[in-house]
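Structural characterization, general
Letter by letter, the chains look like this.
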Amino acid sequence: MPRHYSKYPSLGILEALERWSFGGVPRKTFEQGLIKSKTAPNKKALSQKLYALRKCGFMKYKGAKAVITEKGYRYINFAKLDELKIENKKKDGFWRLIIFDIPEEKKAARELLRNKLNEFECYQLQKSVYATCFICEKEIAELVKLLAIGQHVCVVKAKSLGNREAAVARHFG
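Residues numbered from 1 in each chain as written. Predicted model: local features only at pLDDT ≥ 70, side-chain atom pairs only at ≥ 80, totals over all residues. Heavy atoms only, no water.

**Notes on the packing of aromatic side chains**
For any two aromatic rings, the description comes down to two numbers: the centre-to-centre distance and the angle of the planes. The condition is simple: Two rings from Phe, Tyr or Trp (for Trp, the six-membered ring) form a pair when their centres are within 6.5 Å of each other. A pair whose planes differ by under 30 degrees is stacked, one over 60 is edge-to-face, and the rest are tilted. Secondary structure is summarised from DSSP: a helix means a run of H or I of at least four residues, a strand means a run of E of at least two, and numbering begins at the N terminus for each. Only protein chains enter the accessibility calculation, which uses a 1.4 Å probe; a residue is then buried when its area is under 20% of its type maximum, exposed when over 50%, and partly exposed in between. Ring-over charges, as used throughout, are those where CZ of Arg or NZ of Lys falls within 6 Å of the ring centre and within 35 degrees of the ring normal.
Going through the model one piece at a time under the given rule, you end up with 3 aromatic pairs. Here the aromatic rings of Trp-95 and Phe-172 are separated by 5.9 Å at their centres, their planes lie at 55°, and the arrangement is tilted. Placement of Trp-95 in strand E3 (residues 91-100) and of Phe-172 in the segment after helix H8 (165-171) is noted, with a sequence separation of 77 residues between them. The exposure class assigned to Trp-95 is buried, which follows from its relative accessible area of 7%. Judged by relative accessible area, which is 13%, Phe-172 ranks as buried. Measuring from ring centre to ring centre gives 6.1 Å for Phe-100 and Tyr-130, while their planes differ by 20°; the resulting arrangement is stacked. Residue Phe-100 is found in strand E3, and its partner Tyr-130 is found in strand E5 (residues 129-134); the two are separated by 30 residues along the sequence. Using a relative accessible area of 1% as the deciding quantity, one classes Tyr-130 as buried. When the ring centre of Phe-94 is taken as reference, the NZ or CZ atom of Lys-157 above it lies at 4.7 Å.

Structure representation (structure tokens):
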């Protein structure tokens, strides 16, 4: 069924960005055109918002159709950070050391990583070294992927933490 695209695309793209940034909407929902605006667009405000999104590289036009760019999808993926948590706090007798050295130009990602590791109840051994007794490799991998900092983060699985083990073990009860 052909669609007519006006100069002012539906507010659907803005609603999708807003929903994605506050809890998420599946990418397929947007791609299938299932999101429609329930409000009449203020054409001037809409035009300004679309211009700002395009200027930031979050969307572009393909013909008369507004589409989210890969940069836009990466930005939207930050909404997934809130949902990310260690579901099953299982232990297997090993420690996971999360070690990172994230450059200054990615300071925001570094702070997000630290905040999330604290949320995961990891123990901070040093400024950029955290430890946990929980099996969490998948969650850490997803976090690193969402923040696009894979080359700066390393997860080490260790049997012992040496002379720091007793203090860290107390943290986990």
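**Considerations on helix H6 (residues 107-119)**
For clarity, the cut-off: To estimate how far a helix should extend, the number of its residues minus one is multiplied by 1.5 Å. As used here, the arc belongs to the directions running from the helix axis to the C-beta atoms.
If you check H6, its first and last C-alpha atoms are 18 Å apart, about what 13 residues at 1.5 Å a residue would give, namely 18 Å. Among all positions of H6, only Ala-109, Arg-110, Leu-113, Arg-114, Lys-116 and Leu-117 are buried. The buried side chains of H6 occupy one side of the element, clustering within an arc of 165° when seen end-on. Exposed positions of H6 whose direction lies more than 90 degrees from the buried face are Ala-108 and Glu-119.

**Section: the sheet that holds strand E4 (residues 123-126)**
Spelled out, the test is: When DSSP finds two or more bridges between a pair of strands, those strands are recorded as paired. Here an axis means a line fitted to C-alpha atoms, over the contact stretch when the element is a helix, while the angle between two N-to-C directions is reported on a 0 to 180 degree scale.
Judged by pairing direction, the sheet is antiparallel, and its 4 strands sit side by side in the order E4-E5-E3-E6 without closing on themselves. Both outer strands of the open sheet, E4 and strand E6 (153-158), are each paired with one neighbouring strand and no more. The average angle at which neighbouring strand axes cross in this sheet is 25°, direction not considered. Two elements, E4 and E5, share 3 bridges in a ladder whose sense is antiparallel. By the bridge assignment for E5, Tyr-123 is matched with Ala-131.

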